[in-house]
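Descriptive structure summary
Listed here are the chains, written in short residue letters.
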Amino acid sequence: MRSKFITMSIAISTLAFTLSAQAHDPKEHMKNAEKPDCAAMENMDHSKMDMNDPVMQAMMKQCMGDMEGMEGMSGSEAPQGDKPAQHGNESSTEQTGDNH
Amino acid sequence: MAANKFLRCGKCLMITAVVAMLGGLAFLYSGLYPMGADVPHNGLTYWGLETMRERSISRAASTIEVPNDLASSERLLKGAADYNAMCASCHLKPGKNQSDFTLGLYPAPPNLAQKGDDHGHDGGHDDNTYALQRQFWIIKHGIKASGMPSWAPGHDDERIWNMVSFLQRLPELSTRQYQVLTARSDSTKERVH
């Protein structure tokens, strides 16, 4: 009886610890997450995009599934992989037409 | 004669030190110092706390090794989602200038959607490597009595570096870019799994 009680106590405290450790698991954030608004990217002039900019590459990755317009892009315009960030690069900001 | 003078001076200094110590203790126990977050520190206290904070971070962070792929889009994306979930309510985002936290916390958390020069909480250093080390250290360890928690429990170093990566580009982002980067798309879910 006593060993049953101890086993139950250990099991409950282990479960509580595991749940608290998962509190900041990235998957936890998914539950209330909103979807990326990729509509603006579809209307952008892709020829003017700086595909070497990590911000633009990241946006492309986010919207890859949603963007049909990107299918017509030439190979040279598609993301080439990561290059160092070009701080102050205005091109990516300008293309969205939503400067701050 | 000279030794007598020295002894008298030493006694004087000791008495002054004891009186100052007793005065300090009396002030601590009196409860006179306003502890509410709605009353700012006086100039001297603020300077003392700020100097202690910056010196402590500088000493602790200067040996941290910065990864050389911080600018990668993969890090940017992972860090963006975490920033939005964990930091944006206090440190804001493009298109937002205040929140209940920024209005009520003291000291007010810096608006990280602005450049360091604008929010004035970059530690006053021009050294970019140190700026990265400092941001990493603050996210990982937090800052006592400031509202900034330590994210080390439950977040490994890689995940914290991802947030540092995102912070480097945050001040340049438009509201639309921010929305796309911080949202959790199906591809984000695949990356997380």
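The rules behind the values
Residues numbered from 1 in each chain as written. Chains lettered and ligands numbered in written order. Predicted model: local features only at pLDDT ≥ 70, side-chain atom pairs only at ≥ 80, totals over all residues. Helix = DSSP H or I, 4+ residues; strand = E, 2+ residues; numbered from the N terminus. Buried ≥ 20, exposed ≤ 12 C-beta atoms within 10 Å, placed from the backbone. Contact = placed C-beta atoms within 7 Å. Rg over C-alpha atoms; globule rule 2.2 N^0.38 Å. Axes fitted to C-alpha atoms, helices over the stretch in contact; angles between N-to-C directions. Parallel < 35°, antiparallel > 145°, perpendicular 65-115°, else oblique. Nonpolar A, V, L, I, M, F, W, Y, C, P; charged D, E, K, R; others polar. Expected span 1.5 Å × (residues − 1). Core = buried A, V, L, I, M, F, W, Y, C linked by C-beta atoms within 7 Å. pLDDT = per-residue confidence, 0-100.

A few points about the overall build of chain A
Broken down by element type, chain A carries five helices and zero strands. Secondary structure elements of chain A occur, N-terminal to C-terminal, as α-α-α-α-α. By the burial criterion, 20% of the 100 residues in chain A qualify as buried. The long-range share in chain A, meaning contacts at least 24 apart out of those at least 6 apart in sequence, stands at 80%.

Re the overall build of chain B
Across its full length, chain B holds 10 helices and zero strands. Each helix (α) and strand (β) of chain B, taken in turn from the N terminus, gives the series α-α-α-α-α-α-α-α-α-α. At 23 Å, chain B has a C-alpha radius of gyration far larger than the 16 Å of a compact globule built from 193 residues. Judged by the C-alpha coordinates and their principal axes, chain B covers about 85 × 35 × 30 Å. Looking at chain B as a whole, 29% of its 193 residues are labelled buried. Taking all contacts inside chain B whose residues are at least 6 apart in sequence as the whole, residues at least 24 apart take part in 65%.

Description of unusual backbone geometry
Residues and elements named next belong to chain B. In this structure, the amide linkage connecting Tyr106 to the following residue, Pro107, adopts the cis form with an omega of 0°. Phi is positive for Leu92, which is not a glycine, with a value near 65°. Tracing the chain through its elements places Leu92 in the loop between helix 4 (88-91) and helix 5 (100-104). Its 22 C-beta neighbours within 10 Å are what place Leu92 among the buried residues. Backbone geometry places Ala145, a non-glycine residue, at a positive phi of 50°.

Some thoughts on the packing of helix 3 (residues 73-86) of chain B against helix 8 (residues 157-169) of chain B
Residue and element names in this part refer to chain B. Between helix 3 and helix 8, the shortest axis-to-axis distance is 7 Å and the interhelical angle comes to 95°. Relative to helix 8, the element helix 3 lies roughly perpendicular. Across the interface between the two elements, Arg75, Leu76, Lys78, Gly79, Ala80, Asp82 and Tyr83 of helix 3 pack against Arg159, Trp161, Asn162, Met163, Ser165, Phe166 and Arg169 of helix 8. By residue class, the composition of the contact of helix 3 with helix 8 is six nonpolar, three polar and five charged.

Quick look at helix 1 (residues 2-30) of chain B
Residues and elements named next belong to chain B. In this model helix 1 runs 42 Å from its N-terminal to its C-terminal C-alpha over 29 residues, within 8% of the 42 Å that 1.5 Å per residue would give. Counting buried positions along helix 1 gives zero out of 29 residues, so the element sits mostly on the surface. Gly31 sits one or two positions beyond helix 1 and adopts a positive phi of about 75°.

Points about the nonpolar core
Within the largest apolar cluster, 36 residues are counted, with the highest numbers of intra-cluster contacts made by Met59 of chain A together with Val164 and Leu181 of chain B. Breaking this core down by element, the ones donating at least two residues are helix 4 (54-63) of chain A together with helix 3, helix 7 (128-141), helix 8 and helix 9 (175-182) of chain B. Each residue touching Met59 of chain A, except ones within four places of it in the same chain, is listed here: Met41 of chain A together with Gln177, Val180 and Leu181 of chain B.

A few points about the confidence of the model for chain B
Residues and elements named next belong to chain B. Here chain B shows a mean pLDDT of 91. Residues at 70 or above account for 90%. Between the elements of chain B, mean pLDDT differs from a low of 58, seen in helix 10 (residues 186-192), to a high of 97, seen in helix 8. Interface scoring of the predicted complex returns ipTM 0.75; its pTM is 0.73.

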